[in-house]
Structure formats: structure tokens, C-alpha cells
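Letter by letter, the chains look like this.
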Amino acid sequence: YAIFLNKGEYNVTLEFSDAARETKTLRGYAALVPSSGGAETFPSQVNEFSVSSRVTGTISVASDALYYVRVQNQSAGVQYIVMLTRR
């Protein structure tokens, strides 16, 4: 996903849930990548044995720019939601 972010701090919330509502290992992360290049940051990571899991991390954006949000899911049959909110 591509998103334009203004300078400031943001909460990044990632929620994984098993589509069949069964307990399983939920593993993955949300990463923010600057479109101009540079290192990924990983504000939200999930690694839990459950039906669903939600984690929130914080990221600081140094300047107004376009970013890519990348969600990596390492579990089959999992639905996800990713939210960015300004602090």
C-alpha cells in the first residue's frame, strides 16, 4: 500500500485473526518503507499462538514523504487489518 505521511509520530496497529476461528500460530509484521529508498522500519510484529492478536507500535516520520506499507503474513488462512493513526 502507498500512503503519504506528514512529519510526525504515528501509531501502527496490526491485527491478525484466523479465518476459521481456530487457535494457531499467528506470525507476521507491518513494515514502513520510504519510497525514496532506505531501510524498512518494523513498528508492529505479531508472533503469538492464538485465534487473534493485535499489536501497536510507534514510528517517527522525519519529513513529509510517500511511504509503502508492507504486511508480511507467515501463516496460512489468516486475515489482517493494518491501521496508521497520527499521535
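Presented here is an overview of the structure given in this document. The structure presented is a predicted model; accordingly, all values stated were derived computationally and were not measured.

**Here we look at the overall build of the protein chain**
For the protein chain, the helix and strand inventory stands at 0 helices and 7 strands. In sequence order, the secondary structure elements of the protein chain are arranged as β-β-β-β-β-β-β. A principal-axis box enclosing the C-alpha atoms of the protein chain has dimensions of 40 × 25 × 15 Å. Looking at the protein chain as a whole, 36% of its 87 residues are labelled buried. Contacts in the protein chain between residues far apart in sequence, at least 24 positions, make up 76% of those at least 6 positions apart. Roughly 5,100 Å² of accessible area belongs to the protein chain as shown, and the carbon and sulfur atoms make up 48% of that amount.

What counts, and where the lines are drawn
- Residues numbered from 1 in each chain as written.
- Predicted model: local features only at pLDDT ≥ 70, side-chain atom pairs only at ≥ 80, totals over all residues.
- Heavy atoms only, no water.
- Helix = DSSP H or I, 4+ residues; strand = E, 2+ residues; numbered from the N terminus.
- Buried < 20%, exposed > 50% of the residue type's maximum accessible area, 1.4 Å probe, protein only.
- Contact = heavy atoms within 4.5 Å.
- Areas by Shrake-Rupley, 256 points an atom, 1.4 Å probe, with all protein chains shown as cover.

Any functional reading would require information that these geometric values do not contain.
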